[in-house]
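The residues making up each chain are set out below.
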Amino acid sequence: MTLDPVDLVARGLVAAERLPELRRVAEKFAVAVTDDMAALIDPADPQDPIAAQFVPNAAELETTGDDQADPIGDERWSPLPGLVHRYPDRVLLKPSHVCPVYCRFCFRREMVGPGKDSALSDSAYASALDYIRANKDIWEVILTGGDPLMLSPRRLSQVMNDLAAIDHVRIIRIHTRVPVADPSRISDDMVQALKVDRATVWVALHANHARELTERARAAVARLVDAGIPMVSQSVLLRGVNDSVGALEALMRAFVECRIKPYYLHHGDLAPGTAHLRTTLAQGQALMGALRGRVSGLCQPQYVLDIPGGAGKSPVGPNYLRAENSFVGERDADQETRYRVTDYCGEVHLYPPRP
Ligand code: SF4
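Our subject in this report is the structure included herewith. Keep in mind it's a predicted model, so treat the numbers as computed, not measured.

Conventions we followed
Residues numbered from 1 in each chain as written. Predicted model: local features only at pLDDT ≥ 70, side-chain atom pairs only at ≥ 80, totals over all residues. Heavy atoms only, no water. Near = heavy atom within 4 Å. Nonpolar A, V, L, I, M, F, W, Y, C, P; charged D, E, K, R; others polar. Helix = DSSP H or I, 4+ residues; strand = E, 2+ residues; numbered from the N terminus. Buried < 20%, exposed > 50% of the residue type's maximum accessible area, 1.4 Å probe, protein only. Pairing = 2+ DSSP bridges. Contact = heavy atoms within 4.5 Å. Polar contact = N/O pair within 3.5 Å; in protein donor to acceptor, adjacent residues only side chain to side chain.

**Remarks on the site of the ligand**
Part 1: Residues in close proximity to the ligand include C99, V101, Y102, C103, C106, R177 and H206, which together make up its full environment.
Part 2: Considered class by class, the residues forming the shell around the ligand number 5 nonpolar, 1 polar and 1 charged.

Rendered as structure tokens:
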């Protein structure tokens with residue numbers, strides 16, 4: 001449910017004098033903070049990393065020439081409403097445009113929230129299913145949106161079973177913030193809705209700070225994993241939230257403790273009014289290098305950039321291997337050269353060419 005900024009003041013999350021500023025932002029972008037997330041906010045801390053994710057900020061009204069309403073190019077690759085077919089073997093299906101919280105950095109902030117259709121119409125949903133049925137290269141369907149776990153268990157179960165009934169759909173992946181933002185939604189019925197016989201289900205949890213993995217969130221995640229559903233994480237690198245190696249280390253360790261494999265650390269997208277929350281790519285690379293020095297491979301996400309305009313994701317983490325011979329890239333792959341490889345402490349070592 002979206003919030004009027006006056007509710008944020010009433011709940012003691014922001015000072016009353018900020019109300020005019022918050023109202024101006026709320027006219028443009030949706031606002032919602034669940035009780036679970038609100039309970040984590042320290043209103044006395046102007047740098048609070050949870051507040052930075054959910055409480056509107058006047059900086060959101062500032063746009064840059066690089067901002068894009070559709071920063072990762074969903075529209076370019078959308079053959080039908082609610083579908084994005086960017087890569088040959090997978091599609092995004094967006095059955096809902098509603099989220100439990102509205103993140104201030106959201107890359108789909110122009111598409112989610114009030115004023116947008118809250119769900120696909122029956123006919124649009126049927127057309128999306130027909131498209132998936134007809135495209136036999138589609139191996140994986142990723143439910144995203146909006147948050148698919150905002151659907152009722154009954155509706156979600158129908159979607160899961162419709163997809164699982166398509167022979168070539170082997171994987172159904174659900175991207176969600178619900179287990180941290182509103183853990184009570186992960187009921188027995190919701191878990192049952194996610195279990196289907198004919199496809200493998202994965203859940204990708206979006207969280208950006210270790211504090212989001214509360215006891216209630218951990219219990220919700222455990223209900224999913226205990227039901228046999230494997231989980232991965234996705235996080236966004238955010239200035240003032242997790243842009244330190246200590247914050248990233250704590251977050252990745254928390255995921256692994258919860259049996260969630262760290263998967264993606266996204267560089268912030270060029271969504272309107274989010275520049276104040278972005279780091280530079282160089283800062284992201286330095287943080288990933290520092291993280292490698294502190295935690296095991298199990299705790300390492302892949303640092304990725306969604307190329308603006310819709311060209312897809314590319315890994316943009318630090319490079320640990322350099323060819324000594326600068327023209328090696330133009331040679332045949334079996335013509336070896338000598339390499340310089342960097343270890344987790346930053347020391348450089350030589351690796352010989354194949355004789
Ligand atoms: S939960 Fe995801 S889609 Fe929803 S507002 Fe946050 S980032 Fe955007």
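**Quick notes on unusual backbone geometry**
Part 1: Of the consecutive residues G145 and G146, the connecting peptide bond is found in the cis state with omega at 10°.
Part 2: Looking at the secondary structure, you find G146 in the loop between β3 (140-143) and α6 (153-164).
Part 3: One non-glycine residue with positive phi stands out, namely R259, at about 70°.
Part 4: With respect to the helices, strands and loops of the structure, R259 is situated in the loop between α10 (245-257) and β7 (260-266).

**Overview of the pairing of strand β1 (residues 83-87)**
Part 1: By the criterion of burial, β1 is predominantly enclosed, with 4 of the 5 residues buried.
Part 2: Pairing analysis gives 3 bridges linking β1 to strand β2 (residues 90-93), with the strands arranged antiparallel. The residue of β2 that forms the bridge with V84 is L92.
Part 3: Counting the residues in the hairpin turn of β1 and β2 gives 2 residues.

**Here we look at the environment of D182**
Part 1: Relative to the helices and strands, D182 is located in the loop between α7 (178-181) and α8 (188-194).
Part 2: What D182 contacts, discounting residues up to four positions off in sequence, is T34 and D36.

**Here we look at the environment of R340**
Part 1: On the secondary structure map, R340 appears in strand β11 (residues 339-342).
Part 2: In contact with R340, not counting residues within four places along its chain, are Y320, L321, R322, E324, V348, H349 and L350.
Part 3: A distance of 3.1 Å separates the side chain of R340 from the side chain of E324, its partner in a polar contact.

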